[in-house]
Structure formats: C-alpha cells, structure tokens
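Given next are the chains, with one letter for each unit.
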Amino acid sequence: MAKPNNVPATTTTVKAANQDSSQYFALIVILVALVAAEIVFHTVMGARGNFDGGDAEKGHPLNMMGTVYKGGMIVPILMTLLICVIVFSIERFMTLSAASGSGSAVDFIRKIKYNLSNNNVDAAIAECDKQKGSVANVVRAGLVKYKAMAMDTELPKDQKVMAIQQEIEESTALEMPMLEKNLPILSTIATIGTLVALLGTVLGMIRAFSAMATSGSPDAVALSTGISEALINTAFGIGTSALAIVMYNYFTTRIDGMSYRIDEASFSIGQTFSTHNR
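Counted according to the given criterion, the structure contains 8 salt bridges. Glu 127 serves as the salt-bridge partner of Lys 130, at 3.9 Å between the closest nitrogen and oxygen. A residue pair is termed a helical-turn pair when its members lie 3 or 4 positions apart in one helix, as Lys 130 and Glu 127 do in helix H5 (residues 121-131) at 3 residues. You can call Lys 130 exposed: its relative accessible area is 55%. Classification of Glu 127 as buried rests on a relative accessible area of 15%. One continuous salt-bridge network, built from bridges that share partners, spans Glu 91, Arg 92 and Lys 181.

Attention shifts here to the side chain of Asn 233. Among the structural elements, Asn 233 can be located in helix H9 (residues 220-276). A relative accessible area of 0% places Asn 233 in the buried class. Other than its neighbours up to four places away in sequence, Asn 233 contacts Gly 71, Ile 74, Val 75, Leu 78, Ala 197, Gly 200 and Thr 201.

Let us now look at helix H7 (residues 157-180). Taking 1.5 Å as the rise per residue, H7 with 24 residues should run 34 Å; its terminal C-alpha atoms sit 34 Å apart, in good agreement. Most pronounced at Leu 174, the bend in H7 amounts to some 25 degrees, and the proline Pro 177 follows within four residues. Turning to H7, its buried residues are Lys 160, Val 161, Ala 163, Ile 164, Ile 168, Ser 171, Thr 172, Glu 175, Met 176 and Leu 179. Positioned one or two residues after H7, Asn 182 has a phi angle of 70 degrees, which is positive.

Let's shift gears to the packing of aromatic side chains. Overall, the coordinates contain 5 aromatic pairs when judged by the stated rule. A centroid spacing of 5.1 Å and a plane angle of 90 degrees characterise the contact between Tyr 146 and Phe 273, whose relative ring orientation is edge-to-face. In this pair, Tyr 146 is assigned in helix H6 (residues 133-151) and Phe 273 in helix H9, connecting sequence segments 127 residues apart. Here the two residues Tyr 146 and Phe 273 agree in accessibility, since each one is buried. Three or more aromatic residues joined by ring pairs make a cluster, and in this case those are Phe 41, Phe 51 and Tyr 69.

Take a nonpolar patch on the surface next. Taken together, the side chains of Ile 86, Ile 90, Phe 93, Met 94, Leu 243 and Tyr 250 make up a nonpolar region of the molecular surface, amounting to roughly 560 Å² of accessible area. Counting residues per element, the ones that place at least two in the nonpolar patch are helix H3 (74-100) and H9. The element best represented in the nonpolar patch is H3, accounting for 4 residues. As for its placement among the helices and strands, Phe 93 is situated in helix H3. Of the residues examined, Phe 93 reaches a relative accessible area of 43% and is grouped as partly exposed.

Moving on to the nonpolar core. Counting 58 residues, the largest nonpolar core has Phe 108, Ile 112, Val 139, Leu 143 and Ile 269 as the members making the most contacts within it. Sorting elements by how many residues they give to this core places H9 first, with 11 residues. If we ignore the near neighbours within four places in the chain, the residues touching Phe 108 are Glu 127, Cys 128, Gln 131, Val 135, Ala 136 and Val 139.

This part covers the packing of H5 against H6. Running from amino to carboxyl end, H5 crosses H6 at an angle of 155 degrees, the nearest separation of the two axes being 8 Å. With respect to each other, H5 and H6 are oriented roughly antiparallel. For the crossing formed where H5 meets H6, the hand is left-handed. Mapping the contact onto sequence places Val 121, Asp 122, Ala 124, Ile 125, Cys 128, Asp 129 and Gln 131 in H5 and Gly 133, Ala 136, Val 139, Arg 140, Leu 143, Val 144, Tyr 146 and Lys 147 in H6. Taken together, the residues of the contact of H5 with H6 break down into 9 nonpolar, 2 polar and 4 charged.

Criteria and thresholds
- Every chain is numbered independently, its residues counted from 1 as its sequence is written.
- Only residues with pLDDT of 70 or above have their local features reported here, since the model is predicted, and side-chain atom pairs are shown and tallied only from 80 upward, although totals for entire chains, interfaces and linings are computed over all residues.
- Hydrogens and water molecules were not included; the side-chain quantities draw on all heavy atoms of the structure.
- In what follows, salt bridge is the name for a side-chain nitrogen of Lys or Arg lying within 4 Å of a carboxyl oxygen of Asp or Glu.
- Helix numbers and strand numbers start at the N terminus; a helix is a DSSP run of H or I with at least 4 residues, a strand a run of E with at least 2.
- Buried, partly exposed and exposed residues are distinguished by accessible area as a fraction of the type maximum, computed with a 1.4 Å probe on protein chains only: under 20%, between the cut-offs, and over 50%, respectively.
- Here, two residues are considered to be in contact whenever any of their heavy atoms come within 4.5 Å of each other.
- Here, expected helix span is obtained from the residue count minus one, scaled by 1.5 Å.
- Bend at a residue means the angle formed by two fitted axes: the first through the 7 residues ending at that position, the second through the 7 residues beginning there.
- Any pair of Phe, Tyr and Trp rings, taking the six-membered ring for Trp, is counted once the centres come within 6.5 Å. Such a pair is stacked with planes under 30 degrees apart, edge-to-face with planes over 60 apart, and tilted for the rest.
- Only residues whose relative accessible area exceeds 30% and that form no salt bridge enter a patch; like-charged residues are grouped when within 9 Å of one another, and nonpolar side chains (Val, Leu, Ile, Met, Phe, Trp, Tyr) when within 5 Å.
- Computed by Shrake-Rupley with a 1.4 Å probe, the accessible areas treat only the displayed protein chains as cover when residues are assessed.
- Nonpolar core, defined: a set of buried Ala, Val, Leu, Ile, Met, Phe, Trp, Tyr and Cys residues in which side-chain atoms within 4.5 Å join the residues together.
- Here, axes are lines fitted to C-alpha atoms. For helices the fit covers the stretch in contact, and angles between N-to-C directions go from 0 to 180 degrees.
- Each angle receives one of four descriptions, namely roughly parallel if under 35 degrees, roughly antiparallel if over 145, roughly perpendicular if within 65 to 115, and oblique otherwise.
- Take the far helix as the reference: if the near one is turned anticlockwise from it by less than a right angle, the crossing is left-handed, and if turned clockwise, right-handed.
- Residues are grouped as follows: nonpolar covers Ala, Val, Leu, Ile, Met, Phe, Trp, Tyr, Cys and Pro; charged covers Asp, Glu, Lys and Arg; every other residue, Gly included, is treated as polar.

See below:
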C-alpha cells in the first residue's frame with residue numbers, strides 16, 4: 001500500500017520541478033531577447049552608414065534600418081516583445097506537435113473505440129504506446145484503470161465507472177499545464193504590445209510638438225524625428241500584438257482539440273465499461 005501513496009507525490013514533485021524550470025526558461029528568454037534587441041538596435045540599426053552624414057542623431061535615415069532607429073528608446077522594448085513572441089511560438093509549436101502524438105489523433109481515437117467495442121483493452125493500450133503524446137498518455141491511464149476495475153469484484157459498477165473517469169481527469173490535470181505553458185506570456189504580450197507602442201507614440205508626438213513650439217522657424221529635423229518615432233512605434237507595436245494574438249489563438253485551438261479528443265475517449269471508455277462489465 002505504501003507504493004501507490006508515493007506515486008502521486010513523486011509525480012507532483014516532477015511536475016513542480018518542470019514548472020520551475022519553465023519559469024527559468026521564460027526568464028532567460030526574456031533577458032536574452034532584451035540584450036539581443038539592444039545590441040541590434042545600437043550596432044545594426046544605429047550604424048553610421050544608415051544615416052546621411054554618418055550622424056545617427058541628427059542625420060536623415062537612408063534606409064529602413066535608420067528609419068526604425070529613429071523610433072527611439074521604445075523600439076528595443078518592442079523588439080524584445082517580438083523576439084519573445086517568435087521564440088515562445090516555436091517552443092509551443094514543437095511541444096504541442098510532440099503532445100499530439102506520432103499519428104493522427106482522429107485515427108487514434110477511432111482505433112481506441114474499435115478495440116474497446118471488441119472488448120480488446122490490451123490492443124487499445126498498445127495503440128496508446130504506439131501513438132504516444134499527451135492524449136495517448138491520458139487515454140492509457142484510463143485504460144489501465146479500466147482493466148483494474150474490470151477485475152474488481154467488490155465495487156458496484158457505477159463506482160467503477162466513476163473511478164475510471166476520475167483517473168482520466170487526474171491524468172488530464174497533470175498534462176494540461178505542460179500544454180498551456182508559456183501561453184500566458186503570449187497573451188500578456190498581445191495586450192501590452194499595443195500599450196508599449198502607444199507609449200512610444202506619445203513620446204514621439206511630444207518630441208514633434210516640442211519642435212513645432214520652438215521660437216522662430218520649427219526644427220524640421222526634430223519634427224520629422226518625432227513623427228517617425230510616433231509612427232514606427234505604432235506600427236511595430238500593432239504588428240507584434242497582432243502576431244501574438246494569432247499565435248495564442250492558434251495554440252489554444254490546438255489544445256481545445258486535444259481536450260475534445262480526451263473527452264471523446266473518456267466517454268467511450270465509460271460507455272464501453274458499462275456495457276461489458278457488471
């Protein structure tokens with residue numbers, strides 16, 4: 001009896017360790033992205049060859065790199081957000097692809113239903129081992145519990161079905177954090193990207209109006225710099241937020257699809273057990 005009590009604690013410990021490593025990974029990505037953005041902003045975009053007369057502060061930009069550099073100090077922050085969106089999107093895509101398993105989830109669930117309809121639980125478990133991934137892991141846990149309950153002669157059938165459903169729910173609860181990891185970061189970037197861009201826009205407009213308020217003729221260079229800063233930050237922030245929203249919705253849709261497959265398999269397992277067992 002001691003061994004079963006140790007299994008959940010061990011599993012919980014492993015999940016907690018994975019969550020901590022995930023937080024460290026996210027922090028490292030953000031810090032590296034910030035450093036990389038600052039380096040690119042000052043050394044690449046702020047290079048002398050990108051400006052008329054080689055003056056990055058007062059010279060007119062000669063290309064797109066120089067134009068983006070004129071966006072001001074908010075641009076590196078927006079670049080950091082964009083890099084984070086790209087990195088976390090790649091990480092989520094790879095993780096969810098692995099979690100989906102080696103084959104089609106639709107075909108996998110179809111095979112599980114077929115084997116269960118023939119009361120061949122071992123073949124269904126073999127399909128889970130072949131499929132792998134989060135959906136297969138949850139279904140396999142339910143099937144193993146299915147076999148255990150089928151050999152139980154003491155519990156009534158309704159309690160056996162509840163035990164199977166509870167096992168599937170617990171396995172799902174352990175898998176879902178891994179599937180949803182780093183999605184809150186994408187959701188946050190989708191929100192604050194526009195706000196950071198708005199801050200850059202406001203700062204640019206302040207600079208533009210300050211140039212117009214100078215005595216005598218307005219400073220054309222300062223005016224154009226302020227307008228460039230406002231528009232570049234707006235475009236950069238909107239583009240970053242739009243990409244974050246698209247990727248967040250894409251990943252949540254994939255996770256919802258996996259949850260639906262799990263629910264479908266769970267219902268089939270419960271129905272089959274009620275039909276073939278007493």
